[in-house]
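In case you want the letters, here they are:
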Amino acid sequence: MSRAWLQLRVQDTGCGIEPQFHQRIFERFFQAPDGRAGGQGLGLAIVKMLIELHHGTVILESAPGQGSTFTCILPCLLS
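Nothing here was measured: the structure is a model prediction, and the numbers come from that model.

Engineer: Whenever I open this one, the side chain of Thr71 confuses me. Can you help?
Structural biologist: Examined against the element boundaries, Thr71 turns out to sit in strand β3 (residues 68-75). Relative accessible area serves as the criterion here: at 3%, Thr71 is assigned to the buried category. Polar contacts involving the side chain of Thr71 include one to the side chain of Arg9, which spans 3.2 Å. Ignoring any residue separated from it by four or fewer positions in sequence, one finds Thr71 in contact with Gln7, Leu8, Arg9, Thr57, Val58, Ile59 and Glu61.

Engineer: Which parts of the structure should I look at to understand the nonpolar core?
Structural biologist: If you look at soluble globular proteins, the nonpolar side chains tend to sit buried side by side. By size, the foremost hydrophobic cluster in this structure holds eleven residues: Ile17, Phe21, Ile25, Phe26, Phe30, Ile51, Val58, Leu60, Phe70, Cys72 and Leu74. When residues of this core are assigned to their parent elements, the largest contribution, three residues, is made by β3.

Procedures and definitions
Residues numbered from 1 in each chain as written. Predicted model: local features only at pLDDT ≥ 70, side-chain atom pairs only at ≥ 80, totals over all residues. Heavy atoms only, no water. Helix = DSSP H or I, 4+ residues; strand = E, 2+ residues; numbered from the N terminus. Buried < 20%, exposed > 50% of the residue type's maximum accessible area, 1.4 Å probe, protein only. Polar contact = N/O pair within 3.5 Å; in protein donor to acceptor, adjacent residues only side chain to side chain. Contact = heavy atoms within 4.5 Å. Core = buried A, V, L, I, M, F, W, Y, C linked by side-chain atoms within 4.5 Å.

So, to be careful, I would describe these as geometric facts and stop short of saying anything about function.
Set out below in structure tokens:
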């Protein structure tokens, strides 16, 4: 029996994220050095932690000037 998965995708049309920051963007308190984003650098770290606590994963697709897509994949609890 194969497992069912839930996929949640959030997409924006913002400034995008440089490839060298794709892994670091999920670290607590990390902010890309361009200074365009506000906040404390905790939101994506919290998202990743919660998704992984539920045995899921977060995938980032982003390019400068093209926005970002965050895909959260979680195991379904209901079949």
